[in-house]
Amino acid sequence: MKRKIKTMGTVLVSTAIMASMLAACGSDNNNNSNKSSNASSNPGTEASSNTNAGTDAKTPDTSKKVQLTWYLLGDPAPDQEKVVAEWNKMLEQDLNTTVKLNFTTWTDWQTKYNLLLASGEKVDMIFASSWADFYKFANQGAFMPLNDLLPTYAPQAWSSISEQDWKEATVNDKIYAVPATYPEYTPDGLVYRDDWRQELGLPEIKDLDSIEAYLDGVKKSKGVTPINGKAYNEVNTMFKAYEGYQLIGGDSGVIVAKSYDTPRDIVAYPFTPEFEEWAKKMKTWSEKGFWKSDTLSDQKEAGDAIKTGQGAVYWRNAPGAGGFITGMEKSNPEIKLGYFPFSRFQGLTVPTLSVNNAMAIPKSAPNPERSLMVLDKLRNDPKYYDLMSYGLEGTDYSMDADGKHIVTPPAGVDAKDFKGYGIASWGYRVESMERVKQAGGWEGFDALLEEFKSQSKPNIFAQVIMDYAPVKSQQAAVNSVIQQYGMPLMMGLVPDVDKAIATYRKQLEAAGVNDVLKYVQEQANKTFDAQGIK
């Protein structure tokens, strides 16, 4: 009977996959007015003034038994009913409460989610996220403000969640969600064949020059196309990270802040000298054969070519790299891989927003106080956290010998009969409560995570969320120009770079790029003004 350690790579990859699936979902401008006063650095001091009038902050009333209605995204686990039944036994004893846990399923989840909030259905708590239009719904009044409730009914969350995280959950001076306290770092980077690098005596990859030396060495010595398949992501994300450009509001177009330290300096990068220099360098890379001339139409993943020995480099964010590397260790153990995160170009890592995963209370909730009490218990009591995060001990997992980490399948359960437990529990994740064993996953991930944490700065850009409605036609036209003129230029697939840049800029201006730039600048300034960011 085979036992295997549940890996951090597995968990993070699933999150990364979902994030990429949902990244295209529409978002509205949050028009934030985040004030540090909403999340005092000493929340306990503030609690006395924020509690509801007439409420004893020390002993919330649980004399009345209530049943709560909660919603999570996605699908229930196979043994979800048994898990919830056990959860309710604990809740009934501790808080005189039970929860009816519902799931949206992943089929047309966004329509169902929107309907739940628009219909006024009696829901006591629901998963919330920036990629599920949290800021839009908060602006529209779909969620209940929590400032007055948190100190009394979720005191542990109130005192332990950082001021920055509370800021990110704040809209127009009101806290509208309890963010998960599980920082996620997803910088882009390159997975590469490190065994070939060592075999060929190529330099360790640590900057742009060593990346070029590696690609050149593999091309000449191995006779393969280094990035064999779709290569645009590799080149486009590398350019932005190399220059230190920051995306505004999650937009993947040509509008960027020139650096983290100058967030209001927003430009359309095709008009910068940095882009001119990069385009010329990519022309030489293309001529050296680092990717194929049909790379923009190629639908093959460059990672597939690595598996067959026909490629050497693959673009992945850090969690995706972990999943790919651990997968290769099983399917192609003879291939040794390395990873270079683009965050090393600037020595900067920006985590995802804390409200990428959070829990909010709809304005129609009949029992917001009790919901917060349950959430506080769920986030801080190991018995509750383990049950709702990992399922039933003995059925869904067992404890490792260290007594701190979980093992799946559990001891005594054959892998072929094991179904496993897994739900989108992201909204209440707490880093210190996690029992997933990192060491059993991608070797080096722990060190990489510590590196990201050491150079981390708050995500001040993702909160600038725009619907682009005032410049909808210009935005569509700009995106069309990027595809027709910008992508071939970025990949060095043009005969004359200078002429191609001039044409690209002319077409962008005709499409209305300056209108889009003006709109983004205005929305960014509003958010930065509200946050006190210069």
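Definitions and cut-offs
Residues numbered from 1 in each chain as written. Predicted model: local features only at pLDDT ≥ 70, side-chain atom pairs only at ≥ 80, totals over all residues. Heavy atoms only, no water. Helix = DSSP H or I, 4+ residues; strand = E, 2+ residues; numbered from the N terminus. Buried < 20%, exposed > 50% of the residue type's maximum accessible area, 1.4 Å probe, protein only. Areas by Shrake-Rupley, 256 points an atom, 1.4 Å probe, with all protein chains shown as cover. Pairing = 2+ DSSP bridges. Contact = heavy atoms within 4.5 Å. Axes fitted to C-alpha atoms, helices over the stretch in contact; angles between N-to-C directions. pLDDT = per-residue confidence, 0-100. Expected span 1.5 Å × (residues − 1). Polar contact = N/O pair within 3.5 Å; in protein donor to acceptor, adjacent residues only side chain to side chain. Salt bridge = Lys/Arg side-chain N within 4 Å of Asp/Glu carboxyl O. Parallel < 35°, antiparallel > 145°, perpendicular 65-115°, else oblique. Left-handed = near helix turned anticlockwise from the far one by under 90°. Nonpolar A, V, L, I, M, F, W, Y, C, P; charged D, E, K, R; others polar. Lys, Arg positive; Asp, Glu negative; His and termini not counted. Phe/Tyr/Trp six-rings, centres within 6.5 Å; stacked < 30°, edge-to-face > 60°. Lys NZ or Arg CZ within 6 Å of the ring centre and 35° of its normal. Arc of directions from axis to C-beta.

Chemist: Describe the overall build of the chain, listing the residues and the values that go with them.
Modeler: When helices and strands are counted, the chain shows 20 helices and 16 strands. A burial count over the chain gives 57% of its 534 residues as buried. With an accessible surface of roughly 22,700 Å², the chain has 48% of that area assigned to carbon and sulfur atoms.

Chemist: Can you break down the sheet that holds strand 7 (residues 178-179) residue by residue, with the values?
Modeler: Taking strand neighbours across the sheet as the criterion, the 5 strands line up as 3-2-4-14-7 in an open arrangement whose pairing is mixed. In this open sheet, the two edge strands, each paired with only one partner strand, are strand 3 (97-103) and strand 7. Relative to strand 3, strand 2 (residues 66-72) is paired through 7 bridges, and the arrangement is parallel. Bridge assignment links Trp-70 to a residue of strand 3, and that residue is Leu-101. Each of strand 2 and strand 3 touches helix 3 (residues 80-95); the most contacted strand, strand 3, lies at about 150° to it. Sheet contacts for helix 15 (residues 368-380): strand 2, strand 3, strand 4 (125-128), strand 7 and strand 14 (358-360); angle to strand 2, the most-contacted strand, approximately 65°.

Chemist: Kindly report on the confidence of the model for the chain, identifying the contributing residues and their values.
Modeler: Model confidence for the chain is summarised by a mean pLDDT of 87, while 88% of its residues fall at 70 or above. Long-range and interchain partners of residues 1-57, a stretch whose pLDDT sits below 50, account for 134 contacts in this model, where long-range means more than four residues apart.

Chemist: Help me get a handle on helix 14 (residues 318-331), residues and values and all.
Modeler: Between its first and last C-alpha atoms helix 14 spans 20 Å; for 14 residues at 1.5 Å apiece the expected length is 20 Å, and the two agree. At the N-terminal boundary of helix 14, the capping side chain belongs to Asn-317, with an oxygen 2.8 Å from the backbone nitrogen of Gly-320.

Chemist: Hey, could you go over the sheet that holds strand 9 (residues 246-247) for me, with residue numbers and the actual values?
Modeler: Taken together, 3 strands build an open sheet; the order of strands is 9-10-11 and the sheet is antiparallel. Edge positions in the sheet fall to strand 9 and strand 11 (266-268), since each has one partner strand and no second. Pairing between strand 10 (residues 255-257) and strand 11: 3 bridges, direction antiparallel. Within strand 11, the residue paired with Ile-255 across the bridge is Ala-268. Most of the contacts of helix 20 (residues 513-531) go to strand 11, to which it runs at about 160°, and overall it touches strand 10 and strand 11.

Chemist: Any chance you could break down the pattern of salt bridges for me, citing the residues and the numbers?
Modeler: With the rule as written, the count across this model stands at 23 salt bridges. Through salt bridges that share partners, Glu-212, Lys-281 and Lys-288 make up one connected network.

Chemist: Just give me the short version of the packing of helix 3 against helix 16 (residues 382-390), but keep the residues and values in it.
Modeler: Closest axis-to-axis distance for the helix 3/helix 16 pair is 10 Å, and the angle between their directions is 160°. One way to sum up the angle between helix 3 and helix 16 is to call them roughly antiparallel. Every pair of crossing elements has a handedness; the one defined by helix 3 and helix 16 is left-handed. Where helix 3 abuts helix 16, its residues Gln-80, Val-83, Glu-86, Trp-87, Met-90, Leu-91 and Asp-94 lie against Lys-383, Tyr-384, Leu-387 and Met-388. Looking at side-chain class alone, the contact of helix 3 with helix 16 contains 7 nonpolar, 1 polar and 3 charged residues.

Chemist: Lay out the side chain of Asp-124 with the relevant residues and their values.
Modeler: Residue position: Asp-124 is located in the loop between helix 4 (109-119) and strand 4. Among buried Asp, Glu, Lys and Arg side chains, Asp-124 stands out as unpaired, with Lys-122 the closest opposite charge at 9.1 Å. A distance of 2.8 Å separates the side chain of Asp-124 from the backbone nitrogen of Asn-367, its partner in a polar contact. In this structure, Asp-124 is in contact with Gln-67, Leu-68, Thr-69, Trp-70, Ile-361, Pro-362, Ala-365, Pro-366, Asn-367 and Ser-371, ignoring residues within four places of it in sequence.

Chemist: Which residues make up the environment of Leu-448, and what values go with them?
Modeler: Turning to its location among the elements, Leu-448 is positioned in helix 17 (residues 445-454). Note on Leu-448: relative accessible area 6%, which makes it buried. Taking the C-alpha atoms as reference points, Leu-448 and Phe-340, separated by 108 residues in sequence, lie 10.0 Å from one another.

Chemist: If you had to explain the packing of aromatic side chains to someone new, which residues and values would you point to?
Modeler: Taken as a whole and assessed by the stated rule, the structure comprises 35 aromatic pairs. With centroids separated by 5.8 Å and ring planes inclined at 75°, the aromatic side chains of Tyr-260 and Phe-461 adopt a geometry described as edge-to-face. Residue Tyr-260 is found in the loop between strand 10 and strand 11, and its partner Phe-461 is found in the loop between helix 17 and helix 18 (472-490); the two are separated by 201 residues along the sequence. With relative accessibility at 13%, the residue Tyr-260 sits in the buried group. According to the relative accessible area criterion, Phe-461 is buried, its value standing at 2%. Of the aromatic side chains, those joined through ring pairs into one cluster are Trp-106, Trp-109, Tyr-113, Phe-127, Trp-131, Phe-134, Tyr-135, Phe-137, Phe-143 and Trp-426. Above the face of the Phe-137 ring, Lys-136 is positioned so that its terminal group lies 4.9 Å from the ring centre. Over the face of the ring belonging to Trp-196 we find Arg-193, whose NZ or CZ atom lies 3.9 Å from the ring centre.

Chemist: Account for unusual backbone geometry, naming residues and giving values.
Modeler: Pro-409 follows Thr-408 through a cis peptide bond whose omega is -10°. Of note, Asp-108 is a non-glycine position whose phi angle comes to about 50°, a positive value. Mapped onto the secondary structure, Asp-108 falls in the loop between strand 3 and helix 4. A residue is classified by how much of its surface remains accessible, and Asp-108, at 47% relative accessible area, is partly exposed.

Chemist: For the packing of helix 10 (residues 208-222) against helix 12 (residues 273-287), give the residues involved together with the corresponding values.
Modeler: Two elements in contact, helix 10 and helix 12, have axes separated by 12 Å at closest approach and are oriented at 20°. The orientation of helix 10 relative to helix 12 falls into the category roughly parallel. The two elements helix 10 and helix 12 meet at a crossing, and its hand is right-handed. Across the interface between the two elements, Leu-208, Ile-211, Glu-212 and Leu-215 of helix 10 pack against Trp-278, Lys-281 and Trp-285 of helix 12. Of the residues contributing to the contact of helix 10 with helix 12, the split by class is 5 nonpolar, no polar and 2 charged.

Chemist: How would you summarise the environment of Asp-148 if you had to cite specific residues and measurements?
Modeler: Here Asp-148 shows up in the loop between helix 5 (134-139) and helix 6 (150-153). When its relative accessible area of 40% is taken as the criterion, Asp-148 is described as partly exposed.

Chemist: I'd like to hear about helix 3, residue by residue, with values.
Modeler: Here helix 3 spans 21 Å end to end across 16 residues, near enough to the 22 Å set by a 1.5 Å rise per residue. Of all the positions in helix 3, only Gln-80, Val-83, Val-84, Trp-87, Asn-88, Met-90, Leu-91 and Leu-95 are classed as buried. Along the axis of helix 3, the buried positions cluster into a sector of 170°, meaning they face one direction only. Away from its buried face by more than 90 degrees, helix 3 exposes Glu-81, Lys-82, Lys-89 and Gln-93. Packed against the buried residues of helix 3 are strand 2, strand 3, helix 15 and helix 16. Phi turns positive one or two residues past the end of helix 3, at Asn-96, with a value near 55°.

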